[in-house]
Number of protein chains: 2
Amino acid sequence: MSLPHLHRFSVPSLSAEQTASLETAARLARINAVTMVAAANSGHPGGAFSSMEMFLTVYGVADLTPENCSGLDRDYVVVSHGHTSAGVYAALAAWGFFDAEEAVAHFRRCGSVFQGHVERDVPGVDWGTGNLGQGLSAGVGFALAQRARGHDGRVYVLMGDGGQTKGQLAEARRTAAKEGLRNLVALVDWNGIQISGQLDEVMPFDLRALWEADGWEVVECDGHSFPALYEALRGAGSRGRPTVLLCRTVMGWQGGIMEGTHDYHGKAPQGEVYEAVVKGLEGDPRLLEMALARRKTPASFTGRKVALPVPVLDLGEPQTYGETKADNRGAFSRALVDVGRLNCGREGRTPLLVFDCDLAPSVMTNGFRKECPSYFVQCGIQEHSTATASGAAAAAGVVAVWADFGVFGIDEVYNQQRLNDINHAGGKTVLTHVGLDVGEDGKTHQCIDYVGLLRNTFGWKLVVPADPNQTDRATRWMLGTPGSICLAMGRSKIDIVADESGAPVFAGSYRFEYGRAIRVRKGADGAIFALGAMTQPTLAAARLLAERGLEVSVWSVSCPLEVDRAALEEGCATGHILTVEDHHAGSGMGSLMALEMMRLGLSARFEALGVTRYGDSGTAADVYAAMGLNAEGIAQAFGRLRS
Amino acid sequence: MSLPHLHRFSVPSLSAEQTASLETAARLARINAVTMVAAANSGHPGGAFSSMEMFLTVYGVADLTPENCSGLDRDYVVVSHGHTSAGVYAALAAWGFFDAEEAVAHFRRCGSVFQGHVERDVPGVDWGTGNLGQGLSAGVGFALAQRARGHDGRVYVLMGDGGQTKGQLAEARRTAAKEGLRNLVALVDWNGIQISGQLDEVMPFDLRALWEADGWEVVECDGHSFPALYEALRGAGSRGRPTVLLCRTVMGWQGGIMEGTHDYHGKAPQGEVYEAVVKGLEGDPRLLEMALARRKTPASFTGRKVALPVPVLDLGEPQTYGETKADNRGAFSRALVDVGRLNCGREGRTPLLVFDCDLAPSVMTNGFRKECPSYFVQCGIQEHSTATASGAAAAAGVVAVWADFGVFGIDEVYNQQRLNDINHAGGKTVLTHVGLDVGEDGKTHQCIDYVGLLRNTFGWKLVVPADPNQTDRATRWMLGTPGSICLAMGRSKIDIVADESGAPVFAGSYRFEYGRAIRVRKGADGAIFALGAMTQPTLAAARLLAERGLEVSVWSVSCPLEVDRAALEEGCATGHILTVEDHHAGSGMGSLMALEMMRLGLSARFEALGVTRYGDSGTAADVYAAMGLNAEGIAQAFGRLRS
């Protein structure tokens, strides 16, 4: 079967012949889709059939090919209703991304790349989805990255209709309209059916009004007509606004008994039903036997390993902070401005893109905004969409930095950050207000769980710098390092960590190294491991203990997810380990160290000091004292451990 | 000063005299608000001044008094823009909820009830907010609970305009419209200014169009006019739909230099600025000195302790499952139907309210829907709003059960569940698809972090039942127990846990007891602690080990957040502890036990077996095997521990 060449709308409109060959392709793709679902005895054929013409048309016109799909300068395609994977794989195979028989045989088979929900390991898939509502935000991120990189490509986002009620979608729509992302095209598979029944019964909404209210160009079209889809896609964006195609479709279209019902939303047709569906499509039901036979053999197609774009940046020279108090967020801000100044708009450098959710003055990205205005994206109070968009932007080749308060940048968007991790997105999230340090804002704003949240992922790196010197160095390191990285800090001005001679510890020859704990004080009577800016009160506690005749070593930990084994072993040698963190005492650094000690068979008397109830609203100093996390409280806790 | 009696709209419209006394009250309340911010040197005066007439009118007309505010049958008031707390406290004091001077003196002071963001410990505050976008969902939950309880009260939700872009708000609007919550009235403080500037600059949106698109009655009114607010509130709901009042206001209204600017959004006026503001309001700036003096003394007003409503339910008789395989979600479903049948519509019983997000067939709440249709709420694919609404409904006196997949019921809505916890809401969340057991749906749907998420809270209880018998008993226990409880289970049909004689362990005289681990096999060569339905493969592993000459005890753990110390000590006595969970190996039960062991100084050779990478897509059996979490994998892991 040969498909017409439609790449980047190479013809003005589809000829009858081209349409006929696309219709043949759709028929064969439906046979492949239903056969893979039957072979796996699992999957979502109804939506796969419903969206098939949309998939084939979009993958046909997009500047996205087996050759260019792992590069950056091209079109992007996001399938937000990732459960229609059987349809996506069948369509991608039709366009030559891989052998259809491989997908048919190994769909939803353990170890196969053809997972139940689409993943980036499959060439042609730009975003792993399945949790509804996030795809359009990913599309926004891709489109913003394209603009920042100066590439004039398009971004297509395909969606189901049931998930149109997800609030994140509205956030993404508004960001796209505000940013004038005319190269962004959304397509909604408007079949009117979701799991629990008809859309209007489950949760009524006015699809057209919602997109219009948020400033999009709305086009209705027949979602099963190739000429209509082609024409609508070709004209998209001509009015300078993002465009949505509301594609009228029928659930299970051309699937015989599966047509017009939600019975096969998530059910595999088998036996006579399968045979009838395939025969209705002029196919041979023996395909299933062949697929089942091949399913017993190892997959020959293993997909691709998603490569993290490596930033090309001049990271500048670290700044050193001396004796006066300074805030970590200020140090982050100045380092960001410095790197922005050195790179933004420079030929050959990776563009930075800084995202804000209406908190720039507090998270201190205003300086960057002033220095590099066209690389600053104001997203308003829309954290869910921003979390996904910033991740996707990173995946599309910019250094994406989203700064927000801790409770918004991770608590509110944990699942978006989890899916960024699964997607190997590589965004940088900077939390400027974590811990009890937010003081007066009280318990709803005290982010005491960022370690406890990110420890649930496998890819995120987390850095909690101790002082402005370490913040400066960690910020530059973060900007230059591929992968998803979170930098977390409090808001207050704090002391610079200094050695016994008064020299700054995190300056001079110090270089930030991920995972390494730094001993900032020596002592043989015990070891206290302090997370980030708890280093300073812990040093003060060590001085109090010294007055009481106990010499303790103090370790400053900036990477709680990565236990420094050598440091831990040295600490255990003292016989007493206290961990100190401005974080939930049962889920943070201390508990990660305890796990490591148990696994390694290390022993010491041990206590994990931290936050043991939702905190108060008051000055940070008062709130810390009330929680036993000031110098005196830490000293007392160590005293209890020794007693 | 005496305020007019407006309770439940006792007059048809405001007289000139009544208006004048309200205006006087507003003037005095503004003086109190700005003085408390100045005394704390922290807070948000701009929005407090902007919303003052709204606060005073709503608290005046609502059936919410110092006397009835801790009961259930009354009106509810939610202030979603909780950072305007100074205004809320001043208005509540004006209506007699507490002494104004107490709030003025102790605002944002450590240990005081007058936190920076409103909390339920303050009488008159029905929902603790501060994280924007959640208030309307709480209002939806209150209104649904009122309807279920047969109380004809109103629910008022006050909001800022900057947060109108939060996607969760759109979800709440749709649910309210679909459910026809005519007693729900929202008020938007439309001052046009947010932190980063004018609304139109930060993130443009069409406020009226959004509310209209989602089916609300929209009324615009002057937000600084008491007669206009009174009239608009009185007429709300008359068309059978929820109503929103878009209240045109001026940021910092009547605050002199604070008026019309975002400079005092989050900044305390001091010195001459403070004096000018107070003098402009015909007040005496010496109030601040008095407040500062009183601030040095202990607070006399300590607020209230939020009481958890105690369910009154017939919990029926536990059902016993015998030899054939059965699924935990089916057992949950049948127990829910049983309790529903015994209680719904019965006089004197607490109503159940079951929430669904378009997954009823999978989470198996369809049976309840059929049995008790008027106690079932279909919320569509709108998890953020549903999480908050179900929590708030529980706080308002129903037994609220929200069942969803794990990745939606906790991952996607972690922050909503955190705030439910802070609010002592008491909702029940049932996760029917957790762990690798979802199999083919793959990594985006494998919830391997529910323990790791809930361990970050202080109030949530978590139960992971081992088999249908325990699920039945845990479900009944959960429904009858106050507080926020999460029940988590996989999707597959599994074996019934039986003792060596073949009798079901979790039946007969067994009663579910929160926090208790159950030894299901004895052995002296080691102890394996298995979470929930990992008990069965662990028992199989124990049999494999017995064939290899090792007799291990097996403990079935259903409450991972609550380490059973006695069981742990017994386990340690064997010298070898292996924990087994279908969960991230670094954040779940095993790491909680390791922390407890370190704290208690218990020693044993230890390993935490679990999920160590994002899982595959395939049959559950294959996916478990690939992760080393089947019987053979568990036996091998124990073998490594012994070697």
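Values in this document were obtained by computation on a predicted structure and should not be read as measured data.

Caption draft 1: The confidence of the model for chain A, seen in detail. When pLDDT is averaged along chain A, the result is 97; 100% of the residues meet or exceed 70. Per the prediction output, this complex has pTM 0.98; the corresponding ipTM is 0.97.

Caption draft 2: Quick peek at the interface of chain A and chain B. Between chain A and chain B, the residue contacts involve 108 residues of the former and 109 residues of the latter. The junction of chain A with chain B conceals about 8,300 Å² of combined surface from both sides, 56% of it contributed by carbon and sulfur atoms. The three residues of chain A that bury the most area against chain B are Phe458(A), Met598(A) and Tyr614(A), which together make up 10% of that side's buried surface. At the surface where chain A touches chain B, the tally comes to twelve salt bridges.

Caption draft 3: Structural detail: the sheet that holds strand E12 (residues 428-431) of chain A. Residues and elements named next belong to chain A. The six strands lie next to each other as E10-E9-E11-E12-E14-E13, forming an open sheet whose pairing is parallel. Looking along the sheet, the strands with just one partner apiece sit at the ends: strand E10 (376-378) and strand E13 (461-463). Going across the sheet, the axis of each strand differs from the next one's by a mean of 20 degrees, ignoring polarity. Both E12 and strand E14 (residues 485-488) contribute to a ladder of four bridges, which runs parallel. Within the sheet, the bridge partner assigned to Leu431 lies in E14 and is Ala488.

Caption draft 4: Region of interest: the sheet that holds strand E16 (residues 518-524) of chain B. All names here are of chain B. Reading across the sheet, the five strands line up as E16-E18-E17-E19-E20 and stay open at both edges, with mixed pairing between neighbours. Each edge of the sheet is formed by a strand with only one pairing partner; in this case those strands are E16 and strand E20 (605-611). Pairwise comparison of adjacent strand axes, ignoring direction, gives a mean angle of 20 degrees for this sheet. In the sheet, strand E19 (residues 576-584) pairs with E20 via six bridges, with the strands oriented parallel. The residue of E20 that forms the bridge with His584 is Val611. Contacts from helix H23 (residues 589-600) reach strand E17 (527-531), strand E18 (552-557), E19 and E20 within the one sheet, and its direction differs from that of E19 by about 140 degrees.

Caption draft 5: Representation of the relation of the copies chain A and chain B within the structure. Taken as rigid bodies, chain A and chain B are interconverted by a rotation of 180 degrees and an axial shift of 0.0 Å, the fit giving an RMSD of 0.0 Å. What we have between these two chains is a two-fold relation. Using C-alpha coordinates, one finds that chain A approaches the rotation axis most closely at Gly167(A), a distance of 1.8 Å. A shared binding surface is used by both copies, with 100% of the interface residues of chain A retained as interface residues in chain B.

Caption draft 6: Main features of the packing of aromatic side chains. In total, this model carries 32 aromatic pairs over all chains according to the counting rule given. Their ring planes at 75 degrees and their centres at 5.0 Å tell us that Phe506(A) and Tyr510(A) sit as a pair that is edge-to-face. Accessibility classification places Phe506(A) together with Tyr510(A) in one group, the buried group. Aromatic pair Phe405(B) and Phe408(B): ring centres 5.9 Å apart, planes at 15 degrees, arrangement stacked. One exposure class covers both Phe405(B) and Phe408(B), and it is buried. Chaining the aromatic ring pairs together yields one cluster made of Tyr89(A), Phe98(A), Phe107(A), Phe114(A) and Phe301(A). A cation over an aromatic ring shows up here: Lys267(A) above the ring of Tyr264(A), its NZ or CZ 5.0 Å from the ring centre.

Caption draft 7: Here's a closer look at the packing of helix H7 (residues 167-178) of chain A against helix H16 (residues 383-395) of chain A. Residue and element names in this part refer to chain A. It is the contact of H7 with H16, at a shortest axis distance of 8 Å, that shows an interaxial angle of 70 degrees. When the axes of H7 and H16 are compared, the pair comes out roughly perpendicular. Handedness of the H7/H16 crossing: right-handed. Listed contacts from H16 to Gln168, Glu171 and Ala172 of H7 are Glu383, His384, Ser385 and Thr388. For the contact of H7 with H16, the per-class residue count stands at one nonpolar, four polar and two charged.

Criteria and thresholds
- The written sequence of each chain sets the order in which its residues are numbered from 1.
- Both sets of labels track the order of writing: A upward for chains, 1 upward for ligands.
- The predicted nature of this model means local features are confined to residues of pLDDT at least 70 and side-chain atom pairs, given and counted, to a pLDDT of 80 or more, with totals for whole chains, interfaces and linings taken over all residues.
- Calculation of side-chain values draws on the structure's entire complement of heavy atoms; hydrogens and water are dropped beforehand.
- What pLDDT conveys is the predictor's confidence in a given residue, as a value from 0 to 100.
- Residue contacts are counted whenever heavy atoms from the two residues lie within 4.5 Å of one another.
- As a working definition, buried area equals the accessible area (1.4 Å probe) given up by two parts on being put together, with both sides summed.
- What counts as a salt bridge is simple: a side-chain nitrogen of Lys or Arg found within 4 Å of a carboxyl oxygen of Asp or Glu.
- A pair of strands is considered paired only if DSSP assigns at least 2 bridges between the two.
- Under the DSSP-based scheme used, a helix requires at least four consecutive residues in state H or I and a strand at least two consecutive residues in state E, with every element numbered from the N terminus.
- All axes are obtained by fitting lines to C-alpha atoms, using only the stretch in contact for helices, and the reported angles, taken between N-to-C directions, cover 0 to 180 degrees.
- Each copy is superposed on the other by least squares, with the fit set by C-alpha atoms of residues at a pLDDT of at least 70 in both.
- Any two rings among Phe, Tyr and Trp, with Trp reduced to its six-membered ring, count as a pair given centres within 6.5 Å; such a pair is stacked if its planes are under 30 degrees apart, edge-to-face if over 60, and tilted if neither.
- For every residue, the accessible area obtained with a 1.4 Å probe (protein chains only) is divided by the maximum for its type, and the residue is called buried under 20%, exposed over 50%, and partly exposed between those limits.
- Definition used: whenever NZ (Lys) or CZ (Arg) falls within 6 Å of the ring centre and also within 35 degrees of the ring normal, the charge is taken to sit over that ring.
- Oblique is the label for any angle not under 35 degrees, not over 145, and not in the 65 to 115 range, which are roughly parallel, roughly antiparallel and roughly perpendicular in turn.
- Each helix crossing is assigned a hand: it is left-handed if the near helix lies turned anticlockwise from the far helix by less than a right angle, otherwise right-handed if that turn is clockwise.
- Asp, Glu, Lys and Arg are counted as charged, while Ala, Val, Leu, Ile, Met, Phe, Trp, Tyr, Cys and Pro are counted as nonpolar; the rest, among them Gly, fall into the polar class.

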